[in-house]
Each structure stands twice: as C-alpha cells, then as structure tokens.
Number of protein chains: 2
Amino acid sequence: MQFLLELVGILTNYVRKTFDRSTKVLDFHHPHQLLEGMEGFNLELSDQPESLEQILVDCRDTLKYGVRTGHPRFFNQLSTGLDIIGLAGEWLTSTANTNMFTYEIAPVFVLMEQLTLKKMREMIGWPSGEGDGIFSPGGAISNMYSVMIARYKYFPEVKTKGMSAAPRLVLFTSEHSHYSIKKAGAALGFGSENVVLLSTDERGRVIPADLEAKILDVKQKGYHPLFVNATAGSTVYGAFDPINEIADIYGAWGGGLLMSRKHRHKFSGVERANSVTWNPHKMMGVPLQCSAILVREKGILAGCNSMCAGYLFQPDKQYDVSYDTGDKAIQCGRHVDIFKFWLMWKAKGTIGFEQHIDKCLDLSQYLYDKIRNRQGYEMVFQGVPQHTNVCFWYIPPSLRGLEHNSEEYREKLHKVAPKIKAMMMESGTTMVGYQPQGQKVNFFRMVVSNPAALQSDIDFLIDEIERLGHDL
Amino acid sequence: MQFLLELVGILTNYVRKTFDRSTKVLDFHHPHQLLEGMEGFNLELSDQPESLEQILVDCRDTLKYGVRTGHPRFFNQLSTGLDIIGLAGEWLTSTANTNMFTYEIAPVFVLMEQLTLKKMREMIGWPSGEGDGIFSPGGAISNMYSVMIARYKYFPEVKTKGMSAAPRLVLFTSEHSHYSIKKAGAALGFGSENVVLLSTDERGRVIPADLEAKILDVKQKGYHPLFVNATAGSTVYGAFDPINEIADIYGAWGGGLLMSRKHRHKFSGVERANSVTWNPHKMMGVPLQCSAILVREKGILAGCNSMCAGYLFQPDKQYDVSYDTGDKAIQCGRHVDIFKFWLMWKAKGTIGFEQHIDKCLDLSQYLYDKIRNRQGYEMVFQGVPQHTNVCFWYIPPSLRGLEHNSEEYREKLHKVAPKIKAMMMESGTTMVGYQPQGQKVNFFRMVVSNPAALQSDIDFLIDEIERLGHDL
C-alpha cells in the first residue's frame, strides 16, 4: 500500500505538471534511442524480479518519455485532455477490476450502463423506452456492430449460414468518412470493394444526389444496398453529412454535440437512424476507451450476437437475468468503460458537457477568425467550420510568390506541414495533426476537445507554426 | 488534486478490506433494489452538476454495492485477484490516457508492447525474430483476429471482394471450446453453422480421430476446411486439446502455463500453430483487459487489416513509421493494455509468474485431493485436472440414497448448484461458478487464479457449500 501511495505521488505530480504550460508536451526520442535504454530506462523483461524502488523509477521514466495528451497545447488527436473526475473514475474502475458481462459480478456498473444508454437514446430523439445499446472498446468496433446489426435486420440467416445466404450486399459511406467502415466491410465478409464511397461537396459533406445515383447503380447491377453511413463530424474536416437525406447513420466524433442546444441542429434527422455510434472519449473528454453503439430496435443486439453460453448466462440464476449484458456483445469479457463517463456526467451535469462543447466550438471559431485572413494562411475549405476541426495550410514566405497551381508549389507545400510537425515534436512545445486529403497536399488539421485549452493556447500554436515554419 | 487524494483514500481502504477475509465478497441486491436507490445512492443522471463531496459518496457507494473480485474467496471467474503492481500500472495508464495507434503519441507503450509480444512468441517456441502480434480488448476479439488471419492467408481476396470470393469455408473447434469461435464465425460472415464442433473425450479434450473424420466429411461435401482451433485450458473443464495432432491453435485461459517449466508440456506442439491467443488477464492475474493475439508470420496482421488511413499513418513522419501499430488492428483508437502487464512482469520476473501459476495449480490439486473421495461429492470427470478447473457435484444428504441414473435424481441435482450459489451470494461469503455441460446437469466449476487464495480458503469454500447445501 505504501508503494501505491508513492505511485500516487508520482501521478499527481505528473497531472500538476501537465496543466502547467511551461512543461513540454513531449520529450521526443526515436525508437532506437529508447530501445537502447535512455539513462538506464531498460524496457527489456527478465527472469528475475525488480525491486519496488526500481518499479517506481520505471513508472517515472514511462511518463517522462511519453506524450502529455492532457497538456493544454496538445491538439494532435480527437481525444485530448485529462479530466480529473474521469481519471478518478478510471482509478476506481481498475480497483474494482470487474467485467461487464453479467449483473452477477458488476451489478452497479451494469445498471449505470443501462441508465446512461437510455439517456443517450433520449438525446438522439428515439421514442423513450425503446432501443438498446452497449459500450464497446472503441468507435471502430461500434461501427462494426452497426453494420452487423443492419445485416442481421435484413438477412438474419447470415448469422448461421454465412454471407452466401444473402445477395451481394453493399455499404455506402462518405469518401471523407472514417476508415473503420471499410475495415468493418473487410472483416465482416462484405469485402472492401463493396463499400462504396460517396462524393462530397467542398466542405466534405456527402452529396445526397450522389448517394441516390450510386444506390441506383448498385441496384441495377443486381446487388443489395444494405447500409448507408452518415458521418456527424468527419475525422479530418469535421463535416456533418445531411442526415435527413440519408437513412442509417453512425455518429463518431461529433456525438457530444447532441448535448449542446446551440449545436445539436447539426444532427437534424438523427432520430431517423437505426443505429448511432457515439464516442464520449472524443469530444466529451472522457478518458479512453469509451464508445457506445446505440440501436433503435430493442432485442436486435442480442438477436444478432447471442450464442447463449451456458457457463456464463445460466437461466436459473436468482436474479432477473435480462440484466446480463454479455450475450449482446461480440466480446466475452468486457472492460468497464461506463463508470468514468457516468461519474463525469454526475459531476458536470448535462449542462457541464454542454458548456464544454460550446467552449470548444468557440475556440475553433476563434482560431478560424484569427487565421482566415492572416498572411501566410490558406483555409482548406471556405466557411465557418461545422465542428472544432479547422483545416488550413501555413505558407512560408518562400512559397508565397509562387503560382498556386504549379506542381512546384504543390510539392513544396506538401512538405511544409510534416517539417513543422517534426520540429514541433523535437522542441516538444505543442502537437497538431496534418494529412493530405484527396488531391489536397498536406495541411494542418486543428481540433479542440481539451477543456484546459484557452485562447492563449491557440495564439501560441499560431506563433509556434510561424516560428518553426518561417524559414522553410 | 485534493479530490483525487481523497478518492485514493477510499480506494486504498477498499483494497485493504478486499484482502481481509472477514470482509464480505459482496452485498447482494436485486436490480430493482439498486434502481430504487439504496440509502440515497441515486444512479440517475441529471442536468445539474453534483458537488465533489457527493461524487465521493457516489464512489463509495459504487464500491459498496459491487463485487470484490480480488477477495481471496472469490472463485467465480477465470479472472480474479487484485495485483497491486497491476493496479498501479492501470492507474498510470489512465493518467497517461493515450492511444496505442501511433508511436507518435505512445512511444514508450508501443515499444513495451513490441518487446513483450516478442518475449511471448519466444515462449511459444516460434523462431526468434519472426512473427507479429497485437493486444486486443479481450480473448473473443483475439480469436476473431485469429480467424481473420487464417482467412487472409488462404483467401486474401476476401478482404476486398467478400466471402463470395472463397468457397464455403469451415472452422473446427471443440464442443467444449469457448463460444467466441462461434461468435467470430457468425460475425465474420462464415455463419455459425460452418463452425463444426468436435467431439471430446470424457476429460473434455478433442478426439483427433473425430477431427480427421469431420475434415474428410467437409471435403467430401466440397467445402474448404480453413481453420482448426485447439483449446489450451477449456473454459469449464480446463482441458488441453492434443495440440500436436492439430494444426492451428488459440490459447485462451491456459496461456499462462507457458511460463511454468512444470506445466508447459501441456502445450506440446503449440509452436506448430499459426496463431495463438494468450490472455494475461486470466490465469496470470493481470487486470482486465489484457489479451494478445500472436501470429507466426510477419506482415500478415497488417496485410489482413490495413486500410492506410492518411490522417493517422502519414508516411512522411520524422520517425520510423513501422512502429505505428494502428493499421494492424481492426480498431482505430486502442487502449493501452500493455503497461500493467509489462510492469507486473518487471516486478515479478518470469519466475514470479511461474511461481504464481504453479501455486494455483497446487491449490487445485489440493481441492481435488480433498473432495474426490469425500462423502457427498462426485467428480464430473476422473483424473487429476489438467488446469486449475475442478468440476464437481455436491450431493446433499437427501439425494444420496437415490438411484443416480433416475430422472428424479438428475432433476433434483440440477437444482442444487443454483440454490447453493444463490444462498452464497445472499450471504456474500464466497462465489463460485456453476453450469450444465451437454447431458450433465448443473455442477460447480472451481477455478483458482487469485494469488491471494490459500488452502484455508479452499477449506472455507467446501465448508460453505456443505453448510448451505446440507438441508437441500
């Protein structure tokens, strides 16, 4: 126990420093450097035990060479921030160290999950008392559930007979959507070629007419259009597809906006979806992993996935076994992901999440306003961002005179973001993502989900990009 | 931070009490009782925030009405125990709150995973330097990987074209194997009917001749036998299939025995497998979730699962991007499951895990020796258990005179284990699993994986079964 308390000292010190802007976001080293053993930090495992003192040193080193994802200037991922209540929730969860598959060994957590999912379904706008859902290890798995449920709904015999019991099934998703839909298509036996990518407008939103045309095309070929995915907050642009024009849906990175009275109109039509993926571990700042798949139809999750294992789901238990969730899952053992979320919800209230989300969107707006007419910046698309994603190029002075359509300009610009990012990581001051998209060369994608971020951190990011990129 | 320290006080107090045998394993309540709000414990979420004091009360209540899976007398699941180093590892992991998908944001954890997987492959006996692997959210997902990899190896075009690009594919697994193989068959588009169950001997081990006959049968029908699963430590009996007679394999609950010089002979032939599932969160006492899928062939995991998402796996990063693990996974975001395991391995050394495993098997042997000739007990199968699973019926005095083959006896005996279990949970003194298996009526399945369990806890379990069951 003394050991545990000493570790807590290390951890609370780490947390304190993470929120201190004079602390670096990371202390970068290459893999070979870490593998060679930095200052005695030996990653190799051995036959003999280490002393507890050494274990504490290992813990310190692990944190030292890691990345502070909770730092106010870490903008690299959709999941950022370090919520103290969420952290407390995780600590309690790992202390309880139980498994979501039965009420028997997780009575409180199972009920928390049930109540929270119910609340989330209400926010989607489905009729109260209906529907179901489950927390999964991440958005990609939630999306996999979503595709499985659609398949089970229209071709239930695939569960027992395999894909040969159905006609050729086709899934539709935005060319800007997350790659997990394609992964699900490949894993579940549809084949990635049967995931049809939909064209988008300049803002990255699916063009409904293109969906219509492609569904028609698929039908004419004699295939069966099974599933249409609408993205609410795309990964790179943060685009919201026009849900009302689309049938099925998953939610992904934007789910949290359902909690904001100001922004939930972007979800208009979501109540018409059959299933929704909502990742509280992104926009809402819940520690990883926390993702839910919500379905409109009661019973379909269990219908789709149940195998009725006798050793776990005994029908002759003394309690109401409808509370055992395990047979709804594609997993057996299932980590408790609900508690930290439930606890944060208790501590913030719905209005606390709303404030958090509105604040993040305000910060994005601040960034957008600041750079859209600033010298040396070009926006990837015009107009106010729909989500906190702000996509832009930084153009160093040496490139500003060049013809924008020339190959030379494109080639040079493509190298700017990676170079700035590499220098950023070397100096450890901040982190932001970049990527190409279609014909567009590498650009920065700024996202805000960290409640600790302030306008001054946005200013800092701009200054840092200019400092590092000025002479490129 | 004060809040976090107060929570730590609650948690350390909980841990201390968990190891105190005078503490109850659980304080059972039915779902409706908890939902009505026990002594003010309100599970409902609301719009307004709660005070931090109330949050601490919620945390205390959450633990109070939960189940102490680390209690020395909790034998209900394959995953039991509360390892303090493992717990410390989880606390650090959640404080670091990062994501395994790129070296960029999880440099240390990515390297730890790589080194640990390498070590695990060496223990399997694969040629050093080859192979690959990944930690997944649980054994069921690891098994899903295993099936996907086999499919990709022999029918890589399924990834793009779907199941219709392959002949009818058949999977083989023991009738005693875990239900996740069937779930994988259903999810991945094979269909559960194409998962052929293999007959077992009286100890629950696959009969190789039956496998041979069934493969022949499948071939004669014109189908393609793709995948044979051997179980090393089956869920209920703890049986080890004869691996040397079988091709592919997954490991499941028994994986830890690879670390024991005394018991690893049960894995004889495992080095001939193409993939192995190994769940450190079971026998080895690592906190949930911690499961690895190990594959013999380098590159096949990425080949099977990659979709090359440009926004995450940029090829123009400044470091060696072969360290980015994300595209090997079916997930996108992936929780850090490695650190607690790595830290436990550091703290125990390989020999520490060996001692833990040998001790658990000794305790099972102790239980077996104690009850096999004891009045009122009948073993489900004869002979020393291969794993820590001890399967037995307790026969109350009222049943002892009855003809064992009579329907009346079977019906009455079927109800004994559930009744004792319900009383156990009401009194909260201990927990052990039960289930029927095939034609066999409900029996107890005792498993030992908790390092805190002693012979006196085994004695206690026996006394408790007799105390509660004597008058049935």
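A quick note: this is a predicted structure, and the numbers were derived from the prediction, not measured.

**Quick word on the overall build of chain A**
Helix and strand content of chain A: 14 helices and eleven strands. Rg of the C-alpha trace for chain A: 24 Å, near the compact-globule value of 23 Å for 472 residues, within the 12% margin. Overall size of chain A, expressed as C-alpha extent along the three principal axes, is 70 × 65 × 45 Å. Counting the 472 residues in chain A, one finds 66% classified as buried.

**Some points on the relation of the copies chain A and chain B**
Overlay of chain A on chain B (RMSD 0.0 Å): rotation 180°, translation along the axis 0.0 Å. The superposition of one copy onto the other is thereby described by a two-fold rotation axis. Looking at the rotation axis and the C-alpha trace of chain A, the residue lying nearest is A:Leu188, at 2.0 Å. With an isologous cut-off of 70% or more, the 100% of interface residues of chain A that recur at the interface of chain B puts this contact in the isologous class.

**With respect to the environment of B:Glu202**
Residues and elements named next belong to chain B. Locating Glu202 in the fold gives a position in the loop between strand S4 (195–198) and helix H9 (208–220). As a C-alpha pair, Glu202 and Val380 span 178 residues in sequence and 9.0 Å in three-dimensional space. Excluding its chain neighbours within four sequence positions, the residues that come into contact with Glu202 are Tyr237 and Phe381.

**Let's talk about unusual backbone geometry**
With the exception of glycine, most residues fall at negative phi, and the peptide bonds are largely trans. With an omega of -10°, the peptide bond running from A:Leu288 to A:Gln289 counts as cis. Unusually for a residue other than glycine, A:Asn97 sits at a positive phi of about 40°. You will see that B:Cys308, though not glycine, has its phi angle at about 50°, which is positive. With respect to the helices and strands, B:Cys308 occurs in the loop between helix H10 (300–305) and helix H11 (338–371).

**Some remarks on the packing of helix H6 (residues 139–154) of chain B against helix H8 (residues 180–187) of chain B**
All names here are of chain B. Packing of H6 against H8 brings their axes to within 9 Å, and their N-to-C directions diverge by 55°. As the angle between them shows, H6 and H8 are arranged oblique. Handedness of the crossing formed by H6 with H8: right-handed. Contacts between H6 and H8 pair Ala140, Asn143, Met144 and Val147 from the former with Ser180, Ile181, Ala184 and Ala187 from the latter. Within the contact of H6 with H8, the residues separate by chemical class into six nonpolar, two polar and no charged.

**Digging into the interface of chain A and chain B**
Residue-level contacts link 139 residues of chain A with 139 residues of chain B. Counting the surface lost from both chain A and chain B, the interface buries some 12400 Å², and carbon and sulfur atoms represent 66% of this. Linking chain A with chain B are eight salt bridges. Where chain A packs against chain B, one counts 68 residue pairs in polar contact (both at pLDDT 80 or more). In terms of residue class, the side of chain A that touches chain B is made up of 78 nonpolar, 40 polar and 21 charged.

**So, the sheet that holds strand S8 (residues 377–379) of chain A**
Residues and elements named next belong to chain A. Overall, mixed pairing links the five strands, which are arranged S1-S10-S11-S9-S8 in an open sheet. Looking at the sheet topology across the chains shown, the edges are occupied by strand S1 (74–75) and S8. Sheet topology note: the S1/strand S10 (residues 431–437) ladder contains two bridges and is parallel. Bridging from a neighbouring strand, Phe74 pairs with Met431 of S10. Helix H14 (residues 455–469) rests against S1, S8, strand S9 (390–394), S10 and strand S11 (440–446) of the sheet, and its axis sits at about 25° to S9.

**Structural notes on the packing of aromatic side chains**
Enumeration over the complete set of coordinates arrives at 41 aromatic pairs over all chains. Here A:Trp91 and B:Trp91 contribute two aromatic rings whose centre-to-centre distance is 4.9 Å and whose plane-to-plane angle is 5°, an arrangement assigned as stacked. Of this pair, A:Trp91 sits in helix H4 (residues 84–96) while B:Trp91 sits in helix H4 (residues 84–96), each in a different chain. Its relative accessible area of 0% is what places B:Trp91 among the buried residues. A ring pair is formed by A:Trp345 and A:Phe353, whose centres lie 6.1 Å apart and whose planes are at 90°; its orientation type is edge-to-face. A:Trp345 sits in the buried class, given a relative accessible area of 0%. Among the residues examined, A:Phe353 registers a relative accessible area of 0% and is labelled buried. Each member of the aromatic cluster is reached from another via a ring pair, and the members are A:Phe41, A:Tyr65, B:Phe109, B:Phe339 and B:Trp342. Of note, B:Arg168 hangs over the ring of B:Tyr223, and the distance from its end group to the ring centre comes to 4.1 Å.

**Considering the pattern of salt bridges**
Counted by the stated rule, this structure contains 52 salt bridges over all chains. For the salt bridge of B:Lys214 with B:Asp210, the shortest nitrogen-to-oxygen distance reads 2.9 Å. With B:Lys214 and B:Asp210 both in helix H9 and four residues apart, this pair spans about one turn of that helix. One salt bridge in this structure joins B:Lys370 and B:Asp459, with 2.6 Å as the shortest N-O distance. Here B:Lys370 is found in helix H11, whereas its partner B:Asp459 is found in helix H14 (residues 455–469), with 89 residues between them in sequence. Judged by relative accessible area, B:Lys370 falls into the partly exposed class, the value being 25%. Judged by relative accessible area, which is 21%, B:Asp459 ranks as partly exposed. The network of salt bridges with shared partners includes A:Glu104, A:Lys317, A:Asp324 and B:Lys421.

**What to know about the sheet that holds strand S3 (residues 169–174) of chain A**
Residues and elements named next belong to chain A. The three strands lie next to each other as S4-S3-S5, forming an open sheet whose pairing is parallel. The sheet terminates laterally at strand S4 (195–198) and strand S5 (224–228), the two strands that pair on one side only. The mean angle between the axes of side-by-side strands here comes to 35°, regardless of whether they run parallel or antiparallel. Two strands pair when backbone bridges link them, and S3 and S5 are joined in this way by four bridges, in the parallel orientation. Looking at the pairing, Phe172 lines up with Val228 of S5. Sitting on the sheet, helix H6 (residues 139–154) touches S3 and S5, and the angle it makes with S5 is about 140°.

**A closer look at the side chain of A:Ser136**
Structurally, the position occupied by A:Ser136 is in strand S2 (residues 132–136). Engagement of the side chain of A:Ser136 in a polar contact is seen with the side chain of A:Ser142, the distance being 2.9 Å.

**Re the environment of B:Cys360**
All names here are of chain B. Here Cys360 shows up in helix H11. Using a relative accessible area of 1% as the deciding quantity, one classes Cys360 as buried. As a C-alpha pair, Cys360 and Glu175 span 185 residues in sequence and 26 Å in three-dimensional space. Leave out the neighbours within four places in its chain, and Cys360 touches Met283, Thr388, Val448, Ser449 and Asn450.

**Some remarks on the pairing of S4(B)**
Alignment of strand S3 (residues 169–174) of chain B against S4(B), held across four bridges, turns out to be parallel. By the bridge assignment, B:Leu171 is partnered in S4(B) with B:Val195.

**Focus: the confidence of the model for chain A**
Averaged over all residues, the pLDDT of chain A is 92; the fraction at 70 or higher stands at 99%. Reported confidence for the predicted complex is 0.93 by ipTM and 0.93 by pTM.

Reading the values: the criteria
- For every chain, the first residue of the written sequence is number 1, and numbering continues from 1 onward in sequence order.
- Both sets of labels track the order of writing: A upward for chains, 1 upward for ligands.
- Where totals are concerned, whole chains, interfaces and linings use all residues; where local detail is concerned, this predicted model gives features only for residues with pLDDT of at least 70, and gives and counts side-chain atom pairs only at 80 or more.
- In computing side-chain values, all of the structure's heavy atoms are included and hydrogens and water are not.
- The secondary structure listing takes helices from DSSP runs of H or I that are at least 4 residues long and strands from runs of E that are at least 2 residues long, numbered from the N terminus.
- Here the radius of gyration uses the C-alpha set of atoms, whereas the globule reference equals 2.2 Å times the residue count to the power 0.38.
- Classification of residues uses two cut-offs on accessible area relative to the type maximum, computed with a 1.4 Å probe and protein chains only: under 20% is buried, over 50% is exposed, and between them is partly exposed.
- The copies are overlaid by a least-squares fit using only the C-alpha atoms of residues whose pLDDT is at least 70 in both copies.
- Any two residues having at least one pair of non-hydrogen atoms within 4.5 Å are treated as being in contact.
- Each axis is a line fitted through C-alpha atoms, taken for helices only over the stretch in contact, and angles between the N-to-C directions span 0 to 180 degrees.
- Just so you know how the angles are binned, under 35 degrees is roughly parallel, over 145 roughly antiparallel, 65 to 115 roughly perpendicular, and the rest oblique.
- Put simply, a crossing is left-handed when the front helix is turned counterclockwise from the back one by less than a right angle, and right-handed when it is turned clockwise.
- Here the nonpolar group is Ala, Val, Leu, Ile, Met, Phe, Trp, Tyr, Cys and Pro; Asp, Glu, Lys and Arg are the charged ones; every other residue, Gly included, is treated as polar.
- For any pair of parts, buried area is found by adding up, for both, the accessible area (1.4 Å probe) each one loses once the two are put together.
- The salt bridge definition used is simple: a Lys or Arg side-chain nitrogen within 4 Å of an Asp or Glu carboxyl oxygen.
- Polar contacts here mean pairs of N or O atoms no more than 3.5 Å apart (in protein, one a potential hydrogen donor and the other a potential acceptor; neighbouring residues in sequence count only if both atoms are side-chain atoms).
- Here the rule is simple: two strands pair whenever DSSP picks up at least two bridges between them.
- Any two of the Phe, Tyr and Trp rings considered here, Trp counted by its six-membered ring, make a pair once their centres fall within 6.5 Å; the pair's planes then place it as stacked at under 30 degrees, edge-to-face at over 60, or tilted in between.
- In this analysis the charged atom, NZ for Lys or CZ for Arg, is taken to sit over a ring once it is within 6 Å of the ring centre and within 35 degrees of the ring normal.
- How sure the predictor is of each residue is captured by pLDDT, a score from 0 to 100.

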